[in-house]
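Here is how the chains run, residue by residue.
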Amino acid sequence: MVLPKLNPGAIGRASTLTQLTRAAIAPLRTSNREIRTLEKLTRAALFMPLYVPVALLLRAAAYVGVAVVATARTSFGATMTCRLTDLIGWYVWLFGEWEPDLTRFVSSRLSGGDVFVDVGANAGYYSLLAARHVGADGGVVAVEASPAVFAELCDNVTANRLTDRIRLVNAAASAASGTLTIYAGPNHNLGMSTTVPTRKLRAEATIDAHRLDEMLSASEIASARIIKIDVEGAEPDVLAGMTTMIPLLRADAEIVVELSPRWWPRRGRNPAAILKPFLDSGFHMYAMGNDYSPWRYLWLDDASYAVRIRGTIDRRTRRLDLVLSRRDADRLPMVASVASRDERSHRARVSDV
């Protein structure tokens, strides 16, 4: 895949517009944890006229192959080089976060010494987030199949001086070892890169593929607290390639997976069959909230819990954001802050003085 070309003049003009947009929407953002519906509607109504024109211009730039790049500071203190013509990069630069509910879930689960496995790491947002929480005694394994996106992942990890904490793997997690074709996502959403041929995307490269239980070391498997899988339709093969890991995982290990059944090549597959080895081994299903509407990012801390799904999921729905956990409850609680536990503990001690 050849990423969009950089046009200095276009970058300068677009950079000015995006900076003005970010400054203009700042008063509409809130850190409150519970926002009433009327307030949300009011904030969204004021926000959209400021947001839409610039978003459309960036989409047009992506369409003609012009990239706009800027450096972002995330809410958890990491530095990321973001392509503003790409959805994830645009949101991270504008709001400092991506997927607020999942961001808070990951932040609430990880602590020093844990391992976070990021399958479909993209440019590294979740890998950088996790690295802040697992500390020097923990680790992150960032798996990204796209060679072009992997290069940006490496740059972001290096820029944050986390190469000693994040192990980078440029390969595809699959049901068996071999090679696969990686198909590039469109310029406006590079996160759609996938090894699934049903998406009608252009081929980027032929890459190595391995079972996840072969990619990870024994110590990484034993210490894995969260395994996050976001592979745009290839999740049945990723899950099939980690079944031998199930009895080796720690009791509190959780698997966060975005299922995209409509893109699965084999029509006979359904979520219940794909998840059966995990459910038979004591995992329970929880639905994770996930809203990509831009106005959702005005109230980042108003996050929803992952809610228990009882029964089976037989239909091939458009998308399912799930957490697999051995915890037997109605919901999985989480904290609102994306700061590390050490930072939260320090703040608590300071406030008690």
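For the structure, check the block above.
Residues numbered from 1 in each chain as written. Predicted model: local features only at pLDDT ≥ 70, side-chain atom pairs only at ≥ 80, totals over all residues. Heavy atoms only, no water.

Undergrad: Give me the lowdown on the overall build of the protein chain, citing residues and values where you can.
TA: Looking only at helices and strands, the protein chain features 11 helices and 16 strands. Looking at the 353 residues of the protein chain, the share that counts as buried comes to 56%. Of the contacts made within the protein chain by residues no fewer than 6 positions apart, 73% connect residues no fewer than 24 positions apart. (Helix = DSSP H or I, 4+ residues; strand = E, 2+ residues; numbered from the N terminus. Buried < 20%, exposed > 50% of the residue type's maximum accessible area, 1.4 Å probe, protein only. Contact = heavy atoms within 4.5 Å.)

Undergrad: Pulling in residues and values, what's your account of the pattern of salt bridges?
TA: Here the structure, examined in full by the defined rule, presents 18 salt bridges. One salt bridge in this structure joins D301 and R104, with 2.8 Å as the shortest N-O distance. Highlighted residues: D301 in the loop between β13 (284-287) and β14 (306-309) and R104 in helix α4 (residues 100-109), separated in sequence by 197 residues. We note that D301, like R104, is buried. With a closest N to O distance of 2.8 Å, D213 and R211 form a salt bridge. Under the relative-accessibility criterion, R211 is labelled buried at 17%. Linked through salt bridges whose partners overlap, the residues forming this network are R109, D114, R225, R250, D252 and E254. (Salt bridge = Lys/Arg side-chain N within 4 Å of Asp/Glu carboxyl O.)

Undergrad: Before we move on, can you summarise the sheet that holds strand β8 (residues 172-174) with the specific residues and values?
TA: With mixed pairing, three strands are arranged side by side in an open sheet as β8-β10-β9. Taken across any chain shown, the strands that pair with only one partner, and hence form the sheet edges, are β8 and β9 (178-183). Direction aside, neighbouring strands of the sheet carry axes that sit 45° apart on average. The pairing of β9 with strand β10 (residues 203-211) spans six bridges and is classified as antiparallel. From the neighbouring strand, T179 faces β10, where its bridge partner is D208. (Pairing = 2+ DSSP bridges. Axes fitted to C-alpha atoms, helices over the stretch in contact; angles between N-to-C directions.)

Undergrad: Could you give an account of the sheet that holds β14, with specific residues and numbers?
TA: With respect to topology, nine strands assemble into an open sheet ordered β7-β6-β5-β11-β12-β15-β13-β14-β16, the strand pairing being mixed. At either margin of the open sheet sits one strand with a lone partner, and together these are β7 (166-169) and β16 (331-332). Pairing of β13 with β14, which is carried by three bridges, proceeds in the antiparallel orientation. The partner of A287 across the bridge, within β14, is V307. Helix α5 (residues 125-134) contacts β5 (115-119), β6 (139-143), β7 and β11 (224-229) of the sheet and is inclined by roughly 170° relative to β6.

Bear in mind that shape data such as this cannot, by itself, settle questions of function.
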